[in-house]
Amino acid sequence: ELQQALNDAFKDMRKAGLIARQNFSCCGNCAGYEMTQIAVKRRKSGKTVNGCVFYHAQDNAHKERGEEFYLGFGKMNSSEIGTIGLETDKVGQFVCAALSQHGIKHNWDGKAETRIQVIGLVSDFCQYHPETKLDGSHECDTCLKEIVARGIERAAEDREQKEIFAKETGAI
(Lines give C-alpha, C1' and ligand atoms only; values in the text may rest on other atoms or scores of the structure.)
Protein backbone atom coordinates (compact mmCIF):
# COMPACT_ATOMS: atom_id res chain seq x y z
CA GLU A 1 0.00 0.00 0.00
CA LEU A 2 2.72 2.51 0.95
CA GLN A 3 4.77 1.68 -2.15
CA GLN A 4 1.79 2.33 -4.45
CA ALA A 5 1.07 5.64 -2.71
CA LEU A 6 4.75 6.61 -3.11
CA ASN A 7 4.68 5.62 -6.78
CA ASP A 8 1.62 7.82 -7.35
CA ALA A 9 3.08 10.77 -5.41
CA PHE A 10 6.41 10.55 -7.26
CA LYS A 11 4.58 10.38 -10.58
CA ASP A 12 2.73 13.60 -9.71
CA MET A 13 6.01 15.23 -8.71
CA ARG A 14 7.56 14.29 -12.05
CA LYS A 15 4.55 15.79 -13.87
CA ALA A 16 5.22 19.02 -11.97
CA GLY A 17 8.78 19.26 -13.26
CA LEU A 18 10.68 17.65 -10.41
CA ILE A 19 13.27 14.97 -11.05
CA ALA A 20 11.78 12.36 -8.71
CA ARG A 21 13.54 9.06 -8.02
CA GLN A 22 12.96 6.21 -5.60
CA ASN A 23 15.71 3.90 -4.30
CA PHE A 24 18.12 6.12 -6.19
CA SER A 25 21.87 5.85 -5.72
CA CYS A 26 23.74 4.61 -2.66
CA CYS A 27 23.64 7.69 -0.42
CA GLY A 28 22.62 11.34 -0.26
CA ASN A 29 25.92 12.71 -1.56
CA CYS A 30 25.98 10.46 -4.62
CA ALA A 31 22.26 11.01 -5.26
CA GLY A 32 22.72 14.79 -5.13
CA TYR A 33 25.57 14.62 -7.62
CA GLU A 34 23.67 12.30 -9.97
CA MET A 35 20.49 14.41 -9.74
CA THR A 36 22.49 17.48 -10.74
CA GLN A 37 23.92 15.65 -13.76
CA ILE A 38 20.39 14.65 -14.85
CA ALA A 39 19.15 18.21 -14.32
CA VAL A 40 21.97 19.70 -16.43
CA LYS A 41 21.17 17.34 -19.32
CA ARG A 42 17.47 18.17 -19.10
CA ARG A 43 18.06 21.92 -18.98
CA LYS A 44 20.44 21.71 -21.95
CA SER A 45 17.71 19.93 -23.92
CA GLY A 46 15.25 22.73 -23.10
CA LYS A 47 13.21 20.93 -20.46
CA THR A 48 11.94 22.60 -17.29
CA VAL A 49 13.47 21.38 -14.05
CA ASN A 50 11.79 22.69 -10.90
CA GLY A 51 13.95 20.73 -8.47
CA CYS A 52 14.47 17.19 -7.29
CA VAL A 53 13.24 14.69 -4.71
CA PHE A 54 14.61 11.24 -3.91
CA TYR A 55 15.28 8.59 -1.36
CA HIS A 56 18.45 6.55 -1.67
CA ALA A 57 19.27 2.89 -1.11
CA GLN A 58 19.98 3.35 2.61
CA ASP A 59 16.55 4.94 3.11
CA ASN A 60 14.97 2.23 0.96
CA ALA A 61 16.36 -0.39 3.34
CA HIS A 62 14.53 1.34 6.21
CA LYS A 63 11.34 1.52 4.13
CA GLU A 64 11.55 -2.19 3.29
CA ARG A 65 11.76 -3.00 7.02
CA GLY A 66 8.61 -0.92 7.66
CA GLU A 67 10.59 1.84 9.35
CA GLU A 68 10.47 5.57 8.84
CA PHE A 69 12.76 6.95 6.15
CA TYR A 70 13.70 10.30 4.65
CA LEU A 71 13.39 12.17 1.36
CA GLY A 72 16.08 14.48 0.05
CA PHE A 73 14.79 17.38 -2.05
CA GLY A 74 15.57 20.84 -3.34
CA LYS A 75 17.24 22.85 -6.03
CA MET A 76 20.57 21.83 -7.52
CA ASN A 77 23.73 23.82 -8.13
CA SER A 78 25.84 23.12 -11.19
CA SER A 79 29.24 24.70 -11.82
CA GLU A 80 28.35 24.47 -15.49
CA ILE A 81 24.96 26.26 -15.59
CA GLY A 82 24.35 27.54 -12.06
CA THR A 83 21.26 27.04 -9.91
CA ILE A 84 18.61 24.66 -11.25
CA GLY A 85 15.13 24.59 -9.77
CA LEU A 86 12.92 26.53 -7.42
CA GLU A 87 14.02 27.53 -3.93
CA THR A 88 14.46 24.45 -1.75
CA ASP A 89 11.70 25.38 0.70
CA LYS A 90 9.23 25.71 -2.20
CA VAL A 91 10.24 22.27 -3.49
CA GLY A 92 9.74 20.87 0.04
CA GLN A 93 6.27 22.41 0.27
CA PHE A 94 5.30 20.85 -3.04
CA VAL A 95 6.69 17.44 -2.03
CA CYS A 96 4.72 17.55 1.24
CA ALA A 97 1.54 18.49 -0.63
CA ALA A 98 2.01 15.54 -3.02
CA LEU A 99 2.62 13.15 -0.11
CA SER A 100 -0.51 14.40 1.68
CA GLN A 101 -2.58 14.10 -1.46
CA HIS A 102 -1.70 10.42 -1.62
CA GLY A 103 -2.33 9.68 2.07
CA ILE A 104 1.30 9.49 3.13
CA LYS A 105 2.02 10.55 6.70
CA HIS A 106 5.15 12.67 6.86
CA ASN A 107 6.94 15.20 9.01
CA TRP A 108 8.96 18.26 8.00
CA ASP A 109 9.92 21.36 9.94
CA GLY A 110 9.79 23.60 6.86
CA LYS A 111 13.53 24.20 6.82
CA ALA A 112 15.43 23.81 3.56
CA GLU A 113 18.28 21.95 5.27
CA THR A 114 16.03 19.30 6.84
CA ARG A 115 14.94 16.19 4.96
CA ILE A 116 11.28 15.13 4.92
CA GLN A 117 10.52 12.16 7.16
CA VAL A 118 8.11 9.58 5.69
CA ILE A 119 6.27 7.82 8.50
CA GLY A 120 3.78 5.59 6.66
CA LEU A 121 0.24 5.70 5.37
CA VAL A 122 -2.18 7.99 7.19
CA SER A 123 -4.67 5.08 7.24
CA ASP A 124 -2.23 3.02 9.32
CA PHE A 125 -2.44 5.45 12.23
CA CYS A 126 -5.14 6.04 14.82
CA GLN A 127 -7.35 8.98 13.88
CA TYR A 128 -7.82 9.73 17.59
CA HIS A 129 -4.16 9.37 18.54
CA PRO A 130 -2.27 10.33 15.32
CA GLU A 131 1.13 9.42 16.73
CA THR A 132 0.02 5.83 17.30
CA LYS A 133 0.31 3.18 14.61
CA LEU A 134 -2.59 0.72 14.41
CA ASP A 135 -0.59 -2.43 14.97
CA GLY A 136 -2.58 -3.98 17.80
CA SER A 137 -0.46 -2.54 20.59
CA HIS A 138 -2.69 0.49 21.16
CA GLU A 139 -5.60 -0.45 23.38
CA CYS A 140 -8.07 2.39 23.96
CA ASP A 141 -11.69 1.25 23.33
CA THR A 142 -12.16 3.53 20.34
CA CYS A 143 -8.98 2.30 18.71
CA LEU A 144 -9.68 -1.37 19.41
CA LYS A 145 -13.06 -0.99 17.69
CA GLU A 146 -11.31 0.63 14.73
CA ILE A 147 -8.72 -2.17 14.52
CA VAL A 148 -11.47 -4.81 14.58
CA ALA A 149 -13.49 -2.92 11.95
CA ARG A 150 -10.43 -2.62 9.68
CA GLY A 151 -9.74 -6.34 10.10
CA ILE A 152 -13.32 -7.20 9.13
CA GLU A 153 -13.13 -4.81 6.16
CA ARG A 154 -9.85 -6.32 4.96
CA ALA A 155 -11.21 -9.86 5.34
CA ALA A 156 -14.26 -8.89 3.25
CA GLU A 157 -11.99 -7.34 0.59
CA ASP A 158 -9.85 -10.51 0.54
CA ARG A 159 -12.95 -12.70 0.09
CA GLU A 160 -14.18 -10.46 -2.72
CA GLN A 161 -10.79 -10.60 -4.48
CA LYS A 162 -10.68 -14.39 -4.17
CA GLU A 163 -14.19 -14.66 -5.66
CA ILE A 164 -13.25 -12.38 -8.58
CA PHE A 165 -10.07 -14.36 -9.20
CA ALA A 166 -11.97 -17.65 -9.05
CA LYS A 167 -14.55 -16.41 -11.58
CA GLU A 168 -11.88 -15.04 -13.93
CA THR A 169 -9.88 -18.26 -13.87
CA GLY A 170 -12.94 -20.48 -14.20
CA ALA A 171 -12.45 -22.05 -10.79
CA ILE A 172 -16.13 -21.39 -10.00
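Shown above is the structure to which this text applies.
Draft legend 1. Structural detail: the nonpolar core. Residues M13, V53, L71 and V95 are the most contacted members of the largest nonpolar core, which totals 22 residues. Elements with a contribution of two residues or more to this core: α1 (2–15), β1 (18–21), β3 (69–74), α4 (88–101) and β7 (116–121). If near-sequence neighbours (up to four positions away) are discounted, V95 is found in contact with M13, L18, V53, L71, F73 and I116. By size, the runner-up hydrophobic cluster in this structure holds eleven residues, among which are A31, V40, F54 and I84.

Draft legend 2. Summary view of the pairing of β7. Among the six residues of β7, six are classified as buried, and the element is accordingly described as predominantly covered. Pairing analysis gives three bridges linking β3 to β7, with the strands arranged antiparallel. If you follow L71 over to β7, its bridge partner there is I116. Here four bridges tie strand β6 (residues 104–107) to β7, and the two strands are oriented antiparallel to one another. Within β7, the position partnered with H106 by the bridge is V118.

Draft legend 3. Inspection of α1 at higher detail. Helix length check: α1 (14 residues) gives 20 Å between terminal C-alpha atoms against 20 Å at 1.5 Å per residue, within 8%. For α1, every residue scored as buried is listed here: A5, L6, A9, F10 and M13. The buried residues of α1 occupy an angular sector of 130 degrees when projected down its axis, which confines them to one face. In the stretch just after α1, G17 is the one whose phi turns positive, near 90 degrees.

Draft legend 4. How the structure looks around unusual backbone geometry. Here N23, not a glycine, exhibits a phi torsion of approximately 50 degrees, which is positive. Taking the relative accessible area as the measure of exposure, N23 reaches 41% and is therefore partly exposed. You will see that S25, though not glycine, has its phi angle at about 70 degrees, which is positive. Within the secondary structure, S25 is located in the loop between β1 and α2 (28–44). A relative accessible area of 19% means that S25 is categorised as buried.

Draft legend 5. Fine view of the layout of surface pockets. Taken as a whole, the largest pocket spans an internal volume of roughly 190 Å³. Put simply, the parts of the chain that give the lining of the largest pocket at least two residues each are β2 (51–54), β3 and β4 (76–78). Top element by residues in the lining of the largest pocket is β3. It accounts for three residues. Grouping the constituent residues of the lining of the largest pocket by class yields five nonpolar, six polar and three charged.

Draft legend 6. View of the pattern of salt bridges. In this structure the tally under the stated criterion is five salt bridges. The residue E87 makes a salt bridge to K75 at a minimum N-O spacing of 3.1 Å. Taken as a pair, E87 in the loop between β5 (82–84) and α4 and K75 in the loop between β3 and β4 lie far apart in primary sequence, twelve residues in all.

About the thresholds
- Residues numbered from 1 in each chain as written.
- Predicted model: local features only at pLDDT ≥ 70, side-chain atom pairs only at ≥ 80, totals over all residues.
- Heavy atoms only, no water.
- Core = buried A, V, L, I, M, F, W, Y, C linked by side-chain atoms within 4.5 Å.
- Buried < 20%, exposed > 50% of the residue type's maximum accessible area, 1.4 Å probe, protein only.
- Helix = DSSP H or I, 4+ residues; strand = E, 2+ residues; numbered from the N terminus.
- Contact = heavy atoms within 4.5 Å.
- Pairing = 2+ DSSP bridges.
- Expected span 1.5 Å × (residues − 1).
- Arc of directions from axis to C-beta.
- 1 Å grid on protein atoms, 1.4 Å probe; cavity = no way out; pocket = protein on both sides within 12 Å on 5 of 7 lines; lining within 4 Å.
- Points joined across faces, edges and corners; volume = space filled by probe spheres on them.
- Nonpolar A, V, L, I, M, F, W, Y, C, P; charged D, E, K, R; others polar.
- Salt bridge = Lys/Arg side-chain N within 4 Å of Asp/Glu carboxyl O.

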